[in-house]
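Survey of secondary and tertiary structure
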Amino acid sequence: MAGHSKWAQIKRSKAVVDAKRGAVFTRLGREIMVAARGGADPAGNFQLRTAIEKAKAAGVPNNNIDRAILKGSGQLSGEGDQFETVRYEGYGPGGVAVLIEAFTDNRNRTAADVRLAFGKHGGNLGETGCVGYLFEQRAVVRLESTVSSSSRESKRAATAGAGQTASSPASLDEESLLDRLLMLEESGGPAVSGYEIEAGAAEVFGDFADLEALQDGLGQLGLPVLSWEHRWIPQTSCHLDDPEQLRACLRMLDALEELDDVRSVTANLEADADLLEAIAA
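A brief look at the structure comes next.

What counts as what
Residue positions are given per chain, counting from 1 as you read along its sequence in written order. Since the coordinates come from a predicted model, pLDDT governs what is reported: local features require at least 70, and pairs of side-chain atoms require 80 or more to be given and counted, while whole-chain, interface and lining totals use all residues. Only hydrogens and water are removed before side-chain values are computed, so all heavy atoms of the structure are retained for them. Here a helix means four or more residues in a row that DSSP labels H or I, a strand means two or more in a row labelled E, and each is numbered from the N terminus. Each residue's exposure class comes from its accessible area (1.4 Å probe, protein chains only) as a fraction of the maximum for that residue type: buried when under 20%, exposed when over 50%, partly exposed otherwise. Counted as positive: Lys and Arg. Counted as negative: Asp and Glu. His and the chain ends are not counted at all. Each salt bridge in this description consists of a side-chain nitrogen of Lys or Arg and a carboxyl oxygen of Asp or Glu lying within 4 Å of one another. In what follows, a contact means two residues having at least one pair of non-hydrogen atoms within 4.5 Å. Note that the arc is defined by the directions from the helix axis to the C-beta atoms. By this definition, two strands are paired if DSSP reports at least two bridges between them. Helix axes use the C-alpha atoms of the stretch in contact, all axes being lines fitted to C-alpha atoms, and the angles between their N-to-C directions lie in the range 0 to 180 degrees. Between 30 and 60 degrees the pair is tilted, below 30 it is stacked and above 60 it is edge-to-face, where a pair is any two Phe, Tyr or Trp rings, Trp via its six-membered ring, whose centres lie within 6.5 Å. In this scheme, a helix's expected span is set at 1.5 Å multiplied by one less than its residue total. Whenever two N or O atoms come within 3.5 Å, that pair is a polar contact, provided that in protein one can donate a hydrogen and the other can accept it, and provided that, for residues adjacent in sequence, both atoms are side-chain atoms. What sets the label is the angle itself: under 35 degrees gives roughly parallel, over 145 gives roughly antiparallel, 65 to 115 gives roughly perpendicular, and the rest give oblique. Each crossing is labelled by how the near helix is turned from the far one, with a counterclockwise turn of less than a right angle marking it left-handed and a clockwise turn marking it right-handed. Following the grouping adopted for this structure description, the nonpolar residues are Ala, Val, Leu, Ile, Met, Phe, Trp, Tyr, Cys and Pro, the charged ones are Asp, Glu, Lys and Arg, and the polar ones are all others, Gly among them. Throughout, nonpolar core names a set of buried Ala, Val, Leu, Ile, Met, Phe, Trp, Tyr and Cys residues whose side chains join them through atoms within 4.5 Å.

**Observations concerning the side chain of Asp210**
Take Asp210: it is sitting in the loop between strand E7 (201-207) and helix H7 (211-220). One buried charged residue, Asp210, remains without a salt bridge, the closest side chain of opposite sign being Arg138 at 8.7 Å. Apart from the residues within four sequence positions on either side, Asp210 is in contact with Ala139, Pro190 and Ala191.

**Section: H7**
Those residues of H7 lying buried are Leu211, Leu214, Gln215, Gly217 and Leu218. Here the buried residues of H7 occupy an arc of 165° about the axis, which is enough to place them on one side. Residues of H7 that are buried make contact with helix H3 (46-57), strand E4 (135-144), helix H6 (174-186), strand E6 (191-198), E7 and strand E8 (225-234). Just past H7, the residue Gly222 takes up positive phi, approximately 85°.

**Here's the deal with the pairing of strand E2 (residues 97-104)**
When you tally the buried positions in E2, you get 8 out of 8 residues, the bulk of the element. Pairing of strand E1 (residues 84-91) with E2, which is carried by 8 bridges, proceeds in the antiparallel orientation. When the bridges of E2 are listed, Glu84 appears paired with Thr104. Where E1 folds back on E2, the antiparallel hairpin that results is connected by 5 residues, among which Gly94 adopts a positive phi of roughly 80°. Pairing of E2 with strand E10 (residues 262-267), which is carried by 5 bridges, proceeds in the antiparallel orientation. What sits directly across from Ile100, in E10, is Val265.

**With respect to the sheet that holds E1**
Strands sit in the order E3-E1-E2-E10 across an open sheet of 4 strands; the sheet is antiparallel. Each edge of the open sheet is held by one strand with a lone partner, namely strand E3 (124-125) and E10. Sitting on the sheet, helix H5 (residues 107-120) touches E1, E2 and E3, and the angle it makes with E1 is about 25°. Relative to the sheet, helix H8 (residues 243-257) contacts E1, E2 and E10, its axis offset from that of E10 by approximately 160°.

**Some points on the packing of aromatic side chains**
Per the stated rule, a full pass over the model turns up 1 aromatic pair. Both rings, one in Phe46 and one in Trp228, keep their centres 6.4 Å apart while their planes meet at 15°; by these two values the pair is stacked. You can see Phe46 sitting in helix H3 and its partner Trp228 sitting in strand E8, a full 182 residues away along the chain. Here Phe46 matches Trp228 in class, with each residue buried.

**Some remarks on the pattern of salt bridges**
Per the counting criterion, the structure on display carries 14 salt bridges. A salt bridge links Arg109 to Asp261, with the nearest nitrogen and oxygen atoms 2.8 Å apart. Placement of Arg109 in helix H5 and of Asp261 in the loop between H8 and E10 is noted, with a sequence separation of 152 residues between them. Using a relative accessible area of 32% as the deciding quantity, one classes Arg109 as partly exposed.

**Considerations on H5**
With 14 residues, H5 should cover 20 Å at 1.5 Å per step; its first-to-last C-alpha distance of 20 Å lies within 8% of that length. Along H5, the positions that sit buried rather than exposed are Thr110, Ala111, Val114, Ala117 and Phe118. Around the axis of H5, the buried residues are gathered within 130° of arc, so they sit on the same side. In H5, the exposed positions angled more than 90 degrees off the buried face are occupied by Asn108, Arg115, Leu116 and Lys120. Where H5 is buried, its residues meet E1, E2, E3 and H8. For H5, the capping residue at the N-terminal end is Asn106, with a side-chain oxygen 3.2 Å from the backbone nitrogen of Asn108. Of the residues one or two after H5, Gly122 is the one with positive phi, at around 85°.

**Quick word on the packing of H8 against helix H9 (residues 273-280)**
Contact pair H8 / H9: the axes reach a minimum separation of 11 Å and the direction vectors enclose 65°. In this view, H8 runs roughly perpendicular relative to H9, as classed from their interaxial angle. The way H8 lies across H9 gives a crossing that is right-handed. In this structure, H8 contributes Pro243, Leu246, Arg247 and Leu250 to the contact, and H9 contributes Leu275, Leu276 and Ile279. Residue classes in the contact of H8 with H9 are distributed as 6 nonpolar, no polar and 1 charged.

**A few points about the nonpolar core**
With 28 residues, the main nonpolar core has Val96, Val98, Ile100, Leu246, Leu253, Leu256 and Leu269 as its most contacted residues. Of all elements in the fold, only E1, E2, H5, H8, E10 and H9 reach the threshold of two or more residues within this core. Broken down by element, the residue count for this core peaks at 7 residues, all from H8.

See below:
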């Protein structure tokens, strides 16, 4: 995938650490509340089911999850906080394109916080649409794997669909994954546009609208599904090789991610792994 770099791995590692913070619990609670507007029963509300799975993976207590569902579905009197989804776009140091999604009950406050985080680290908050065309929102299903090969895309499209075979995390190497993607293609389900493999996990990519069918189809094939989400994927990359620019950009991205209202931050940042590791040391 264009734009994939060690930055993506840093984000995932950071998310694991951040999941211990109450701020992350708050964000996930808001996501559940927004999803619950479509119905309080996760069996009939895929968006809610996805939000609940993310919350559980982050260690959010069941009581918090239940309360967020009640708030979002209007079953708690006096709990009238109404959050809406907003998107911000801008540029970081070196021209890195940045796309932010947030849940907010006060657009003015959130916009001011985002603008300050950009400005303090050499970036600029732009107008809606200024960088959005550089990203595509895709369905992503993450699978457990023992593979440690380098990331790569599939050479052909595959499809997700029904069927079931015996499988285990230990057997999910690249050849095994390709075999199952071919099985999905033959079953006539939604198309898969590619995959990436790294140590401990594999990710399968599909169209935005196909997330539920893709997740369900891969699971029915016996593949070890860890998580699923809609994710913004950069279609072009911005490579930084200046250490100071890269350091400032990473600080800016961290500052944006730490804002209470921010749900996700995506950038088309590319940098050499050695340089990233040297800066992180």
